[in-house]
Amino acid sequence: MPSALPSSIPPNHSQILIIGGGPAGSYAAAALAREGFQVTLLEASKFPRYHVGESLIPSVRHYLRFIGAEEKVIKHGFIQKPGSAIKFNQFKREGYTDFVALGCNNSAWNVVRIVSLPYTSQPISFLLQVRSEFDQLLLNHARASGATVYEQTKVEAINFAGNMDQPISVDWVHTPPPTSLPTPPSSPREHGFSSFLPSYCNGNVRKAAPSQPIRGQTSFDYVVDATGRAGILSTRYLKNRHFNASLKNIAVWGYWRHVGEYGKGTKRFGAPWFEALTDESGWAWFIPLHDGSTSIGVVMNEKAYKRRCQEPFPMSPFPATCTPFDISSTTTALYLANISLAPGLMRLITGVSLLKENSVRSASDFSYSAPSYAGYRYRIIGDAGAFIDPFFSSGVHLAMTSALSASATICASIRGHCTETEAATWHTKRVSTSYTRFQVVVLSAYKQIRSQSDDILSDIDEDNYDRAFAFLRPVIQGASDMGARLSETELQRSLDFCVKLFNPTSPEQHERVSLRGDISQELLDVASPVVDPFVFEQALHASASSDGEESDSSQSSARSTYIKTLETKMVLDKINARRIIHNEYYINNLEIEQFDGLAVRLERGKLGLRLL
C-alpha cells in the first residue's frame, strides 16, 4: 500500500490542542512542539490576516530567542523601534524612553499585521507574491518547530467530561478552498502540489464535497485557548470575563502614506509617538511601518467619544488632498477631528500626507481580565484571557508571557514536576501578576492624561495588586506592615509612583547625570531594586551641598545648581519607576519569581516548573 499522505483535516486525537494561531497560540505551539510533544493548532482564519497592534516592546526579543524565532524576525526587515516618545504635557517637550540604552540588541520592532486573503481562484503566481508578516511568521515558525497547523478550521464547541470541570474534545468545522484548488495538508513537508491533490478524510468526519464545510471532532489531553478577544472558554463556558470600567475606551485608527518622520536623522528614528489629547479624553499614536505606511490612531474615553458623536458634524481639519475621497462616514470624520486634538502628531502630518481609503477602523470593550486563566488540563492565554489597553504596547508581551507560562505548566504537569492542580494555579498567578504590573502603568498614564479627575481604581482586584507589587510595598508605606491587602490609599500612591515613568526626560539628560559622577551608579541602574524615594532625597541633598561648596554665591550659580538638581531628580524618579516593569522585560525573570515555591525551569528539552 502507498504511504499515507498528510491529512488536510485535524486528527481524531492530539496530546495538546491549541485553539487560535495568533502570537499567543503560535508561541505556545512552537514552545511545546520543541519539547517533543504532539501539538495540533486549529486556526479559524486563513493567514495572513489583519490584526491591529503594530508596536512591540523589547521583551519580545527574549521570548522569541527561546523558541528560536528571533533571527527570523530580525531578517524580515521590520522597522527597528529604538524607544518610545511620550508627550503628556503640551507646555513641555516629550519624554523619551531609550530601549537601546540597555544594549544595542534591546530594540523592538514596529510590525505590519495585514489584511487576510481568502482562498482565491487567482493564479498560483499571484499567491506566491503575498508577503507573510509578523503573525504569519510566528505561525510558520510553529509549523517548522513540529506543530501541526490547520487553517480555516473553526472550533464551534468545547465538550466537557463529568460536571463541566475538564474539557475533553472540540467540535470543529473546516472550510476547504474552492473546488478549483486543492486543500493543502496541514503542514506540508515537500514542495509541489501533486503530493496532495487527492482528497483524504479521517474516520472521525462525515465526507463532504470539497467545496462544502467539513465537520469533525478532536479529543485531547490538554487544551490551550488562544482565541483572542472571542475567548471561547472565558466567555462561553466559564463566563468569568470582567470588563474594566475605568478603561472603557474606544480606539479609532487608520493608515497613512507620505507623513513626516519623528526623530529623522537621530537615534530616535523609528520610535513611535504617543501624545495626550488636549481635551484630556485620551491619547493618540503615530507608528511608522516598514511597508512605507504609518498607523495613526486615537484612544478616547467612550463617554467623551459618544458626546462628540452627538455634536454637529465635525469639519475635517485636514486639506482635501489628505482625504481625496468621500468622508461622509461619521467614523472617518470623527477620526480626523479627534486627531487634531494631538498638535504634536498633527505636525508630523504634512501637506502631501494621504489617508488610505477604507483604512479607518474602530474597536471598543477591549479592556478586560478574569479571576482565573487555567483549570484541570486547560490554559487560557493572550487576549483570550485578558487585555489592558493599546497604551504601552503590552499586548504581544502578555501573549508571549502567558503562552510560555502555559507551556511550562503543561510540561510540568506531564513531566511530574508538580500536580496538575498546582500547575494550573501557577499559570493563573503568573498571568495575573504580569497583567497587573502593566495595568498599573497604564492606569498611571490615564491618571495623568485625565488630570486625576477620575477614580480609576474602582474596579481593581486588590489580590492581583498584592502579588504584583509585594516588592513595591516597602517604598509606598515605609517599613510598617499594614496587612495582606493594599488599601485604596496605597493603590493611589502606587499610581503616583508610576506616573514618574512618563517624566519628560531625554537620553541626553540621563547621560549628563551619569557623567557628572555625583550620583551612585546603582541608583542609575534600571535593573536594581526599587528604591525608597527618601534615599533619592538624601543623594540629591548631598549632591547639591557639594555643588554649593565648590561655587560662589552668585544667583546664576544657585540657579545652575537648582536646574541640575531638578534634572537629576527627574532622571532618578524615571529610572525608579521603570523598575516596576523592568523584570517583565526579561524572560529569565520567570526563573527567579516564584509562586507557591515554584518557578519556571527555562531549559530546552526540560521546560517545566521547579522548586526554589
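Computed from a predicted structure; not experimentally measured. For every chain, the first residue of the written sequence is number 1, and numbering continues from 1 along that sequence. Under the rules for a predicted model, residues below a pLDDT of 70 receive no local features and side-chain atom pairs below 80 are neither given nor counted, while totals for whole chains, interfaces and linings still include all residues. Water and hydrogen atoms were dropped before computing side-chain values, which therefore reflect all heavy atoms in the structure.

A. Spatial organisation of the overall build of the protein chain. Helix and strand definitions follow DSSP, with helices as H or I runs of at least four residues and strands as E runs of at least two, each counted in order from the N terminus. Of the regular secondary structure elements, the protein chain holds 18 helices and 22 strands. Put simply, the protein chain has 612 residues, and 55% of those count as buried. Residues count as neighbours in contact if any of their non-hydrogen atoms are within 4.5 Å of one another. A separation of at least 24 residues holds for 74% of the contacts in the protein chain among residues at least 6 apart in sequence. The method behind every accessible area is Shrake-Rupley, applied with a 1.4 Å probe, and residues are considered shielded solely by the protein chains displayed. A total accessible area of about 25800 Å² is found for the protein chain, and carbon and sulfur atoms account for 53% of it. Buried, partly exposed and exposed residues are distinguished by accessible area as a fraction of the type maximum, computed with a 1.4 Å probe on protein chains only: under 20%, between the cut-offs, and over 50%, respectively.

B. Structural detail: the packing of aromatic side chains. To pair, rings of Phe, Tyr and Trp, with the six-membered ring standing in for Trp, must have centres within 6.5 Å; the planes then decide the type, stacked if under 30 degrees apart, edge-to-face if over 60, and tilted in the middle. A full pass over the atoms with the stated rule returns 14 aromatic pairs. When the ring of Tyr 27 is compared with that of Tyr 63, the centres are 6.3 Å apart and the planes differ by 70 degrees; the resulting orientation is edge-to-face. Pair noted here: Tyr 27 is in helix α1 (residues 23-33) and Tyr 63 is in helix α2 (residues 59-66), with a separation of 36 residues, a long-range link. Cluster of aromatic residues (ring-pair linked, three or more members): Phe 88, Trp 253, Phe 274, Trp 283, Trp 285, Phe 391 and Phe 502. Whether a charge sits over a ring depends on NZ of Lys or CZ of Arg being within 6 Å of the ring centre and within 35 degrees of the ring normal. When the ring centre of Tyr 368 is taken as reference, the NZ or CZ atom of Arg 241 above it lies at 3.8 Å.

C. Examining the pairing of strand β22 (residues 608-611) more closely. In the sheet, strand β21 (residues 598-601) pairs with β22 via four bridges, with the strands oriented antiparallel. Bridged to Arg 601 within β22 is Gly 608. Pairing between strands requires that DSSP locate at least two bridges from one strand to the other. Counting the residues between successive antiparallel strands, the hairpin from β21 to β22 contains six residues, one of them, Gly 605, with a positive phi of roughly 90 degrees.

D. Examining helix α8 (residues 330-339) more closely. A large share of α8 lies buried, amounting to eight of its 10 residues. Packing partners of the buried residues in α8 comprise β12 (249-257), β15 (293-301), α7 (302-310), α9 (343-346) and β16 (354-355).

E. The side chain of Ser 367, seen in detail. Here Ser 367 lies in the loop between β17 (361-364) and β18 (368-369). Any pair of nitrogen or oxygen atoms within 3.5 Å is treated as a polar contact; in protein, a donor-acceptor pairing is required on top of that, and neighbouring residues in sequence qualify only through side-chain atoms on both sides. In this structure the side chain of Ser 367 is engaged in a polar contact, spanning 2.9 Å, whose partner is the side chain of Asn 244. Of note is the side chain of Ser 367, whose polar atom sits 2.8 Å from the backbone oxygen of Ile 388. In contact with Ser 367, not counting residues within four places along its chain, are His 242, Phe 243, Asn 244, Leu 247, Phe 387 and Ile 388.

F. Spatial organisation of unusual backbone geometry. With a phi angle near 65 degrees, Glu 280 is a residue other than glycine that sits in the positive phi range. Tracing the chain through its elements places Glu 280 in the loop between β13 (273-276) and β14 (282-288). A positive phi angle is found at Arg 377, which is not glycine, with a value near 65 degrees. Looking at the element boundaries, Arg 377 is found in the loop between β19 (374-375) and β20 (378-380).

G. Molecular detail of a nonpolar patch on the surface. Among the surface-exposed residues, Tyr 562, Ile 563 and Leu 566 lie close enough to one another that they form a single nonpolar patch of about 300 Å² accessible area. By the secondary structure assignment, Leu 566 is in helix α17 (residues 555-582). For Leu 566, a relative accessible area of 39% translates into the label partly exposed. The residues that make up patches have over 30% relative accessible area and no salt bridge, and they are joined within 9 Å when like-charged or within 5 Å when they are Val, Leu, Ile, Met, Phe, Trp or Tyr. For this analysis, a salt bridge means a side-chain nitrogen from Lys or Arg found within 4 Å of a carboxyl oxygen belonging to Asp or Glu.

H. Local environment of the environment of Gly 68. Mapping Gly 68 onto the fold places it in the loop between α2 and α3 (70-76). Each C-alpha atom, one on Gly 68 and one on Ser 145, is 8.9 Å from the other, the two residues being 77 residues apart in sequence. Discounting chain neighbours no more than four positions away, the residues touching Gly 68 are Arg 34 and His 141.

I. Representation of the packing of α1 against helix α5 (residues 134-144). The convention used is that axes are lines fitted to C-alpha atoms, helices contributing only their stretch in contact, and that angles between N-to-C directions extend from 0 to 180 degrees. Taken N-terminus to C-terminus, the directions of α1 and α5 make an angle of 20 degrees; their axes are 8 Å apart at the nearest point. Judged on the interaxial angle alone, α5 and α1 are roughly parallel. Considering the relative orientation of α1 and α5, their crossing is left-handed. Residues Pro 23, Ser 26, Ala 29 and Ala 30 of α1 form the contact with α5, whose own contacting residues are Phe 134, Asp 135, Leu 138, Leu 139, His 141 and Ala 142. Here the contact of α1 with α5 is composed, by residue class, of seven nonpolar, two polar and one charged. Oblique is the label for every angle not falling under 35 degrees (roughly parallel), over 145 degrees (roughly antiparallel), or within 65 to 115 degrees (roughly perpendicular). Here a crossing is called left-handed whenever its near helix is offset anticlockwise from the far helix by less than a right angle, and right-handed whenever the offset is clockwise. When residues are sorted by character, Ala, Val, Leu, Ile, Met, Phe, Trp, Tyr, Cys and Pro go into the nonpolar class, Asp, Glu, Lys and Arg into the charged class, and all the rest, Gly among them, into the polar class.

J. Inspection of the pattern of salt bridges at higher detail. Summed over the entire model, instances satisfying the criterion amount to 22 salt bridges. Glu 151 is the salt-bridge partner of Arg 143, the closest N and O atoms lying 2.5 Å from each other. Like Glu 151, Arg 143 is buried. Note that Glu 593 and Arg 430 form a salt bridge whose closest N and O atoms lie 3.1 Å from each other. Pair noted here: Glu 593 is in the loop between α18 (589-592) and β21 and Arg 430 is in helix α11 (residues 420-449), with a separation of 163 residues, a long-range link. As far as burial versus exposure is concerned, Glu 593 and Arg 430 are alike and both buried. Each member of the salt-bridge network shares a partner with another, and the members are Arg 430, Arg 437, Glu 584 and Glu 593.

K. Structural detail: empty space enclosed by the protein. Think of a 1 Å grid over the protein atoms and nothing else: a 1.4 Å probe that fits but is trapped marks a cavity, an open set flanked by protein within 12 Å on at least five of seven lines marks a pocket, and residues with an atom within 4 Å of a point count as lining. Grid points are joined across faces, edges and corners, and a volume is the space filled by probe spheres set on the points. Under the counting rule described, the total for this entry stands at four cavities of 30 Å³ or more. Estimated volume of the second largest cavity: approximately 70 Å³. For the second largest cavity, the full set of lining residues is Ile 381, Gly 382, Ala 386, Leu 398, Thr 401, Ser 402, Val 431, Ser 434 and Tyr 435. Looking at the lining of the second largest cavity, the elements that each hand over two or more residues are α10 (395-415) and α11. For the lining of the second largest cavity, the residue count by class is five nonpolar, four polar and no charged.

L. Broad picture of the packing of α7 against α8. α8 packs onto α7 with a crossing angle of 115 degrees between their chain directions and a minimal axis gap of 11 Å. As summarised for this structure, α7 and α8 are arranged roughly perpendicular, according to the angle between their axes. Where α7 crosses over α8, the two elements pack in a sense that is right-handed. Judged by residue contacts, Tyr 305, Arg 308 and Cys 309 of α7 engage Thr 331, Leu 334, Ala 337 and Asn 338 from α8.

M. The arrangement of the pairing of strand β8 (residues 153-161) in detail. Strand direction decides the pairing type here: β8 and strand β9 (residues 166-174), joined by eight bridges, are antiparallel. Among the inter-strand pairings, Lys 154 is bridged to a residue of β9, identified as Val 173.

N. Structural detail: the confidence of the model for the protein chain. A residue-level look at the protein chain finds 77% of positions with pLDDT of 70 or above and a mean pLDDT of 79. Per-residue confidence from the prediction method is given by pLDDT, with values spanning 0 to 100. Low pLDDT (under 50) marks residues 188-209, which in the prediction has 36 contacts with non-local residues, meaning those over four places away or in another chain. Note that residues 478-483 has pLDDT below 50 and, in this model, five contacts with residues that lie over four places away or in other chains.

O. Quick look at the nonpolar core. For our purposes a nonpolar core is just a set of buried Ala, Val, Leu, Ile, Met, Phe, Trp, Tyr and Cys residues, chained together by side-chain atoms within 4.5 Å. With 63 residues, the main nonpolar core has Val 170, Phe 391, Phe 392 and Phe 502 as its most contacted residues. Ranked by residues supplied to this core, first place goes to α11 with 10 residues. In contact with Phe 392, not counting residues within four places along its chain, are Ile 57, Phe 438, Val 441, Val 442, Leu 501, Phe 502, Ile 581 and Tyr 585. Core analysis: the next-biggest nonpolar cluster, separate from the first, contains 55 residues, Phe 47, Leu 139, Met 400 and Ile 587 among them.

P. Just α11, in detail. Compared with the 44 Å implied by 1.5 Å per residue over 30 residues, the 43 Å span of α11 between its first and last C-alpha is a close match. Counting buried positions along α11 yields 25 of 30 residues, so the element is predominantly enclosed. In this scheme, a helix's expected span is set at 1.5 Å multiplied by one less than its residue total.

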